[in-house]
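Descriptive analysis of the structure
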Amino acid sequence: MTSNMDREMILADFQACTGIENIDEAITLLEQNNWDLVDYGGETISGPAFDPASHPVPAPAPAPSSSSAFRPVMPSRQIVERQPRMLDFRVEYRDRNVDVVLEDSCTVGEIKQILENELQIPMSKMLLKGWKTGDVEDSTVLKSLHLPKNNCLYVLTPDLPPPSSSSHAGALQESLNQNFMLIITHREVQREYNLNFSGSSTIQEVKRNVYDLTSIPVRHQLWEGWPASATDDSMCLAESGLSYPCHRLTVGRRSSPAQTREQSEEQSTDVHMVSDSDGDDFEDASEFGVDDGEVFGMASSALRKSPMMPENAENEGDALLQFTAEFSSRYGDCHPVFFIGSLEAAFQEAFYVKARDRKLLAIYLHHDESVLTNVFCSQMLCAESIVSYLSQNFITWAWDLTKDANRARFLTMCNRHFGSVVAQTIRTQKTDQFPLFLIIMGKRSSNEVLNVIQGNTTVDELMMRLMAAMEIFTAQQQEDIKDEDEREARENVKREQDEAYRLSLEADRAKREAHEREMAEQFRLEQIRKEQEEEREAIRLSLEQALPPEPKEENAEPVSKLRIRTPSGEFLERRFLASNKLQIVFDFVASKGFPWDEFKLLSTFPRRDVTQLDPNKSLLEVKLFPQETLFLEAKE
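What counts as what
Residues numbered from 1 in each chain as written. Predicted model: local features only at pLDDT ≥ 70, side-chain atom pairs only at ≥ 80, totals over all residues. Heavy atoms only, no water. Pairing = 2+ DSSP bridges. Helix = DSSP H or I, 4+ residues; strand = E, 2+ residues; numbered from the N terminus. Axes fitted to C-alpha atoms, helices over the stretch in contact; angles between N-to-C directions. Phe/Tyr/Trp six-rings, centres within 6.5 Å; stacked < 30°, edge-to-face > 60°. Buried < 20%, exposed > 50% of the residue type's maximum accessible area, 1.4 Å probe, protein only. Lys NZ or Arg CZ within 6 Å of the ring centre and 35° of its normal. Patch = residues over 30% accessible without salt bridge, like charges linked within 9 Å, V, L, I, M, F, W, Y side chains within 5 Å. Areas by Shrake-Rupley, 256 points an atom, 1.4 Å probe, with all protein chains shown as cover. Salt bridge = Lys/Arg side-chain N within 4 Å of Asp/Glu carboxyl O. Contact = heavy atoms within 4.5 Å. Polar contact = N/O pair within 3.5 Å; in protein donor to acceptor, adjacent residues only side chain to side chain. Disulfide = S-S within 2.5 Å.

1. Side note on the sheet that holds strand S10 (residues 246-253)
Taken in spatial order, the four strands of this open sheet run S8-S7-S10-S9, and their pairing is mixed. Of all strands in the sheet, those bounded by a partner on one side alone are strand S8 (191-198) and strand S9 (221-224). Adjacent strand axes in the sheet meet at a mean angle of 30° when their direction is disregarded. Judged from the eight bridges that link them, strand S7 (residues 179-186) and S8 form a sheet pairing that is antiparallel. Counted as the bridge partner of Phe180 is Phe197 from S8.

2. Some remarks on the packing of aromatic side chains
Counted according to the given criterion, the structure contains 20 aromatic pairs. When the ring of Phe347 is compared with that of Phe351, the centres are 5.7 Å apart and the planes differ by 20°; the resulting orientation is stacked. By the burial criterion, Phe347 is buried, and Phe351 matches it. Consider the rings of Phe594 and Phe599, whose centres lie 5.2 Å apart with planes at 85°: the pair is edge-to-face. As far as the burial class goes, Phe594 and Phe599 line up, both buried. In textbook terms, an aromatic cluster arises when at least three aromatic residues are bridged by ring pairs, as seen for Phe323, Phe327, Tyr331, Phe338, Tyr364, Phe376 and Phe437. Over the face of the ring belonging to Phe571 we find Arg563, whose NZ or CZ atom lies 3.9 Å from the ring centre.

3. Some details on unusual backbone geometry
A cis amide bond, omega -10°, links Phe605 with the succeeding residue Pro606. Tracing the chain through its elements places Pro606 in the loop between strand S17 (599-603) and strand S18 (608-609). Omega for the bond connecting Phe625 with Pro626 falls within 30 degrees of zero, at 5°, which places this linkage in the cis form. As for its placement among the helices and strands, Pro626 is situated in the loop between S18 and strand S19 (627-634).

4. Some words on a nonpolar patch on the surface
A grouping of Leu127, Tyr154 and Leu156 is seen on the molecular surface, where their side chains present a nonpolar patch of about 250 Å² in accessible area. Relative to the assigned elements, Leu156 resides in strand S6 (residues 150-156). On the accessibility criterion, Leu156 (37% relative accessible area) is partly exposed.

5. Here we look at the sheet that holds strand S14 (residues 446-453)
One open sheet holds the four strands; their spatial order is S12-S11-S13-S14, and the pairing between them is mixed. Edge strands, defined here as strands with exactly one partner in the open sheet, are strand S12 (394-400) and S14. Each adjacent strand pair in this sheet contributes to an overall mean axis angle of 25°, direction not counted. As judged from the five bridges shared by strand S11 (residues 360-366) and strand S13 (residues 436-443), these two strands associate in the antiparallel manner. The residue of S13 that forms the bridge with Tyr364 is Phe437. Most of the contacts of helix H11 (residues 384-393) go to S12, to which it runs at about 110°, and overall it touches S11, S12 and S13.

6. Notes on the side chain of Asp368
Residue placement: Asp368 occurs in the loop between S11 and helix H10 (373-381). For Asp368, the side chain forms a polar contact with the side chain of Arg330, separated by 2.8 Å.

7. Quick notes on the environment of Leu411
Assignment of secondary structure puts Leu411 in helix H12 (residues 404-418). A sequence separation of ten residues divides Leu411 from Leu401, and the C-alpha atoms of the two residues are 9.6 Å apart. In contact with Leu411, other than residues within four places in its own chain, are Ala423, Ile426 and Arg427.

8. Digging into helix H15 (residues 582-591)
With nine of ten residues buried, H15 lies mostly within the body of the structure. When we look at burial in H15, the residues that qualify are Leu582, Ile584, Val585, Phe586, Asp587, Phe588, Val589, Ala590 and Ser591. Residues of H15 that are buried make contact with helix H14 (459-546), strand S15 (559-565), strand S16 (571-577), S17 and S19. The positive-phi residue at the C-terminal boundary of H15 is Gly593, with phi of around 100°.

9. Quick notes on the state of the cysteines
Applying the stated criterion across every chain yields a total of zero disulfides. Looking at the unpaired Cys382, the closest cysteine sulfur is the one in Cys334, lying at 6.4 Å.

Right under this line is the structure:
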């Protein structure tokens with residue numbers, strides 16, 4: 001029997017000759033031919049010829065039957081010159097990975113030269129480990145090591161100080177906060193899933209989410225693409241050596257060669273193999289008549305701390321507060337902002353505002369018993385792009401249909417607001433079709449359901465359907481804005497006309513009131529004037545009656561004749577006794593309408609103001625005798 005070292009060399013040469021990259025397939029074919037390549041050759045080998053002299057092997061076994069994948073070498077077989085192979089190396093150094101691709105004709109030293117440039121580490125300080133043959137010299141040609149196409153190596157630098165713990169901890173913390181995009185291909189159905197995970201998520205969480213998508217239990221999952229450092233399913237992604245920001249993986253259902261042979265001969269029951277994940281804790285459910293999904297469902301249910309929403313909640317706002325808190329505890333704080341309040345209040349917030357401020361209403365219907373719920377919430381609903389798009393364009397309202405009472409309550413609300421057709425559509429949905437995402441648009445007097453999105457979707461598909469709904473809403477919103485602007489324009493014109501009419505009425509009323517005030521003032525002044533004239537006339541008459549009689553020209557007493565010129569140019573003439581007081585002259589002038597407090601009486605030669613003289617003196621004393629001409633002048 002060949003040794004393990006010989007078999008590794010034979011396997012490497014066999015892959016080089018045949019071009020078969022899958023190691024399991026190559027080993028199966030070699031086992032069918034008893035690991036014998038001495039006399040091997042044939043039509044199935046498309047690669048370069050194999051040189052048996054470089055690898056001594058045991059005596060050949062009997063020639064295989066004609067049904068074997070290998071055929072004996074014919075004497076006339078033409079030896080093809082060996083062409084250089086391309087070898088892929090994944091080199092790990094601390095928290096870094098470097099991919100190197102070289103021909104097998106290169107040396108180990110050339111790999112170190114590339115690493116020196118990438119890692120900034122001198123070749124003299126670098127130890128390249130991971131070779132299957134032990135330590136090798138820098139001058140060793142890769143071809144002589146008989147390596148497979150894909151190889152994993154690691155670098156040690158014992159002469160260099162290790163990085164400080166604080167910087168390492170800082171780098172690890174940064175990685176924990178990063179999001180990794182895992183591009184996972186389901187081998188059997190050739191479907192690709194793009195899943196976002198935080199750096200703090202574990203490999204086990206990835207495998208459980210993949211179970212939700214592919215229905216392959218964790219213990220039956222066969223993976224390709226995990227880094228060599230990902231040795232423990234409890235390891236977080238930040239520590240596992242994944243490529244950032246994207247890493248490709250392939251998953252399929254694990255099966256044994258015995259199972260493969262049985263399935264090719266007849267349809268038999270599955271023979272399960274246990275993976276090295278946390279699924280080892282579960283015994284094979286098929287032995288006890290329990291479905292894999294039930295086992296996983298029970299495990300998932302056991303992890304739940306509390307329901308998303310209380311049953312028979314009286315207040316919808318309180319129920320949604322608990323829903324939001326539980327959602328955050330399960331899936332993190334990066335999630336849509338759920339509207340806290342009744343469905344009617346969400347309608348008011350989304351639809352019954354100005355057209356420019358309206359939004360679409362997204363109703364998220366949760367169901368804990370659906371196998372799609374965990375992946376939909378963590379990967380789709382909590383994706384940053386979805387969260388951002390929903391917050392900008394949608395009012396998001398949520399409800400949990402896990403409990404029958406809550407389901408019946410929502411169906412009643414749905415029937416009232418959307419009609420029996422939508423309610424019946426939701427009623428007939430199976431559990432595994434949840435969660436659902438309803439996109440609602442308010443349309444004048446009714447509410448229209450634009451889209452019903454089921455949980456078996458991807459981030460890209462979800463975003464496309466949200467954007468498609470947004471396009472329909474935007475077109476309708478533009479029409480509503482146009483109608484609203486036209487209506488507001490008409491209302492503005494009417495308001496302006498009403499305001500102009502109101503101002504006109506106020507102006508007319510103000511003008512009328514001003515005229516009335518003016519007339520009242522004129523009447524008041526006229527009354528005052530009349531009263532003053534009546535009072536003046538009364539004073540004039542009383543003064544006129546109080547005057548002593550005018551003396552005759554021939555009188556025993558001396559008589560003074562006064563001639564008084566009025567402002568209008570008329571003359572007043574009267575005779576006074578020379579012994580009469582000057583006050584009598586003032587009373588005479590006032591009786592003629594010129595009161596002495598308004599007019600002054602002036603003499604010409606010499607010019608003097610008679611009204612400034614003592615009114616108790618006689619005319620003789622003030623020298624207004626025997627005659628005098630005076631004139632009246634209004635006081636300033």
